[in-house]
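Understanding the architecture of this molecule
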There are 2 protein chains.
Amino acid sequence: MKPPLRIGIAGLGTVGAGVVKLLAEHGRLLSLRGGRPLKLVAVSARSKAKKRDIDLRGVRWEKDPLALAEASDLDVVIELIGGSGGIARQLVRKALASGKHVVTANKALLAMHGTELAELSEKKGRILAFEAAVAGGIPIIKALREGLVGNKVSRLYGILNGTCNYILTTMRETGRDFDVVLAEAQAAGYAEADPSFDVDGIDAAHKLAVLTGAAFGCQVNFEGVHVEGIRRVTSMDIQFAEELGYRIKLLGLARETRYGIEQRVHPCMVPLEAPIAHIEGVFNAVVVEGDFVGTTMFQGRGAGQGPTASAVVADLVDVARGRDMPAFVVPAAQLAAKKVAPIGRHVGAYYMRLMVQDRPGVIAAISGVLAKERISVESMLQRGRSQSGEVPVVLTTHETEEAAMQRAVARIAKLRAVAAEPCLIRIETF
Amino acid sequence: MKPPLRIGIAGLGTVGAGVVKLLAEHGRLLSLRGGRPLKLVAVSARSKAKKRDIDLRGVRWEKDPLALAEASDLDVVIELIGGSGGIARQLVRKALASGKHVVTANKALLAMHGTELAELSEKKGRILAFEAAVAGGIPIIKALREGLVGNKVSRLYGILNGTCNYILTTMRETGRDFDVVLAEAQAAGYAEADPSFDVDGIDAAHKLAVLTGAAFGCQVNFEGVHVEGIRRVTSMDIQFAEELGYRIKLLGLARETRYGIEQRVHPCMVPLEAPIAHIEGVFNAVVVEGDFVGTTMFQGRGAGQGPTASAVVADLVDVARGRDMPAFVVPAAQLAAKKVAPIGRHVGAYYMRLMVQDRPGVIAAISGVLAKERISVESMLQRGRSQSGEVPVVLTTHETEEAAMQRAVARIAKLRAVAAEPCLIRIETF
């Protein structure tokens, strides 16, 4: 058997501890599958004292994570520190520069500096692997770069943030509002104390940017993602969605259009017949449409200790066997710098919900604005009297250009009879 | 750039023609992704005259497919002839023996001789790749051998035969019976003129045997698969299933039990809440349960020119990049020869549908037989009068051992009031 693959881990949070456990528990199995032992040699983390429930006997403790990058007795460094800059970025750069392979779960880092790190890894002839950065245990990076490598991908979309999906699922099941469900999710550990990374769509956008690179062979462009979170989705909208035959999901979507690559993260109305409408709770799913393979879907747990450790170890076995692929499907120098399709050019159908004064002429005024923008209404739903005098009006449109829709919404918001900010949700068809 | 990967294809049916098209259409993209050009050098097929709508200019035609195995100007042979023995087996053996990599879509060959071929490929240091053999374009072999490599798989199950799934879906949607729907499927090209490979479960069993090897790292054992097809499923059973909250699917299932590896292919009652219940028509899906990753599901088109060509080309890119894995996750010499768990030891719930004479005492007699075998009934459903005097009685049981259930069914079938052969379908819970 070949000499062991010597591993260093930087960061011993939930994921790091999971990797240590997996390596220990499946040592024999991994030697067979990897063709050589996978040996944990050194670790580094902020606090040595913290209770972690893992056995680190015989493993060197480095105070400074950067020491792992330069240690002469390591073949691969696993970066689990997180953050798009700072130590994480330094560590990955240094490790590659000093000839080590790098495995990372850091989506923010890849979303911001993916192209640059891919270049560096190729220059050094080392592997940059990041299966754990997107969709937890689902081997979607491998699917894009290898399993579906024979396809030109036309579109990709997915549920990429388990926290948002959990919140939306619970809102639907319980009829409770966003704030209440978020607070519960925080108490249950499904959402962070500062939830904005998740609920504002940033985490999903990081992952989408990485997926887009791997699917389309283009430079990773996080700035090019149009991002909206789920804070403005109300339980009323979720109920209307069901009535109309839809479910509301926070999706990340990427596709090639004649204006460039379109990358969007926002709440979507998804038809109930679509398989992705039924991915509930903390599960993630990614749908890939390829010209030869057709539509494929991959689903599983998108986060958590076990699934993420599973992904990190899959990357380690690739490294152990010397199995390499360019980080984003084609060599870094060949990564296309694709134009960003402006969101205003997006064409699709829309759901709009307004709260209006219940008096004559309101519907006529709204219809007038839409007609002026040549937006054709597919269905309209008005609910009877209310005590406050405000009633919801819901309408869905046929396909129209986003820019026209936004102009119409701005004008409708200014109508005297329209009480609150209109709620606009894009309808996706698959 | 490296020299081209020189490819020979044996067999130019639907899949072979698809591979030729894909290589031609995505030549530039594949050079980038594979790190070298993928060059089709030679082909062989039964009839040169057949119209195929592919461009073979500059490609050598070999009359004898075995000539591809020995040609000095080829690096890899793609075997698309089919069949578990004969020319296909000879070709794969010869090609490996003469130092060529082999890509095949031949599930029958792998199900019967997988272990032996894996040994030969390792002895020769050549790649044996077969993504296209199971579940069409879904990269499930790669997922098992690489993406989920860090897991001990506890259970695997899937819809592995698109023809059966199409027939069952159509029976449910139209209320029509098996024979009628099969005839339609044959007319539409979804089923073969001789449908027995598909509808009797053999094709699914071949695929299951291959998946089991890759998931559990054990010798491929087709003989160890318990196989039942879908001929005996009636539209009446499909209707009862819906009433009870189930959908009938032909599944292939494999899991480790204390009696050994259990491999089964047969119609199953699947709870409507299970995602796999909603895989309809010609789609395939495979669910993998791993100890770290949890439950993952992979779905897509299970057959057809595009999806299968997509899988073959993914294997070619692995070969082009020299990315190797043992065929069945661990080295062939280490493949476990696992015991086969006897079907009689299977423990699960059951659905039984009887046609009985509508007269007093019948239910008591049936209940008596079940009580004697200590089988406890979960629900019983009897439908009112019929003109023929025969009425269906449907019952579901709690968990019981298969052997006891089979004894009970044999005895119930002999009751004078029981008209036709009882219909027994296993209920699966996930």
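Note that the structure is a prediction, hence the values are computed from the model and not measured.

1. Comments concerning the domain arrangement of chain A
Many authors give the size of an interface as the accessible area that is lost as the parts come together. Domain parsing of chain A yields domain 1 (5-133), domain 2 (140-302 + 327-343) and domain 3 (344-427). Look at where the C-alpha atoms of domain 1 of chain A and domain 3 of chain A centre, and you get two points 51 Å apart.

2. Observations concerning the packing of helix α5 (residues 107-123) of chain A against helix α10 (residues 202-216) of chain A
Residue and element names in this part refer to chain A. One can describe the packing of α5 onto α10 by two numbers: an axis separation of 8 Å at closest approach and a directional angle of 55°. Relative to α10, α5 is oriented oblique. In this structure, α5 meets α10 at a crossing whose hand is left-handed. In contact with Lys107, Ala108, Leu110 and Ala111 of α5, α10 contributes Asp203, His206, Lys207, Ala209 and Val210. Its residues assigned to classes, the contact of α5 with α10 comprises five nonpolar, one polar and three charged.

3. Section: the pattern of salt bridges
Following the criterion strictly, the structure yields 65 salt bridges over all chains and no others. Salt-bridge contacts for Arg426(A) lead to Glu402(A); the nearest nitrogen and oxygen are separated by 2.8 Å. Highlighted residues: Arg426(A) in strand β17 (residues 423-427) and Glu402(A) in helix α14 (residues 402-413), separated in sequence by 24 residues. We note that Arg426(A), like Glu402(A), is buried. Taken together, the salt bridges that share partners define one network made up of Lys142(A), Glu146(A), Asp318(A), Arg323(A), Lys142(B), Glu146(B), Asp318(B) and Arg323(B).

4. Looking at helix α13 (residues 362-372) of chain B
All names here are of chain B. Among all positions in α13, only Val362, Ile366, Val369 and Leu370 are buried. Projected down its long axis, α13 shows its buried positions confined to an angular sector of 95°, all on one face. The exposed set on the far side of α13, more than 90 degrees from its buried face, consists of Ala364, Ala371 and Lys372. Summarising the contacts, the buried residues of α13 are in contact with β13 (347-357), β14 (377-382), β15 (390-397) and α14 (402-413).

5. Regarding the side chain of Asp198(A)
Tracing the backbone shows Asp198(A) in helix α9 (residues 196-199). When residues no more than four places from it in sequence are discounted, the contact partners of Asp198(A) are Asn161(A), Thr163(A), Cys164(A), Glu192(A) and Asp203(A).

Cut-off values and rules
- Starting afresh in each chain, residues are numbered from 1 along the sequence in its written order.
- Following the order in which they are written, the chains are lettered starting with A and the ligands numbered starting with 1.
- Selection of residues for local features in this predicted model requires a pLDDT of at least 70, selection of side-chain atom pairs for listing and counting requires 80 or more, and totals for whole chains, interfaces and linings are taken over all residues.
- With hydrogens and water set aside, each side-chain value is computed from the structure's full complement of heavy atoms.
- Where each domain starts and ends follows an automatic or database-derived domain assignment.
- Axes here mean lines fitted to C-alpha atoms, for a helix over just the part in contact, with angles spanning 0 to 180 degrees between N-to-C directions.
- We count a stretch as a helix when DSSP gives it H or I for four or more residues in a row; a strand needs E for two or more, and each element gets its number in order from the N terminus.
- Orientation categories follow fixed angle ranges, with anything under 35 degrees roughly parallel, anything over 145 roughly antiparallel, 65 to 115 roughly perpendicular, and all other angles oblique.
- Note on convention: the crossing is left-handed when the near helix lies turned anticlockwise from the far helix by less than a right angle, right-handed when the turn is clockwise.
- The contact criterion used is simple: two residues touch if any of their non-hydrogen atoms lie within 4.5 Å.
- Only Asp, Glu, Lys and Arg are considered charged in this grouping, and only Ala, Val, Leu, Ile, Met, Phe, Trp, Tyr, Cys and Pro are considered nonpolar; every other residue, Gly among them, is considered polar.
- By salt bridge we mean one thing: a side-chain nitrogen of Lys or Arg within 4 Å of a carboxyl oxygen of Asp or Glu.
- Note on classification: 1.4 Å probe, protein chains only; a residue is buried when its accessible area is under 20% of the maximum for its type, exposed when over 50%, partly exposed between these limits.
- By construction, the arc corresponds to the directions joining the helix axis to the C-beta atoms.

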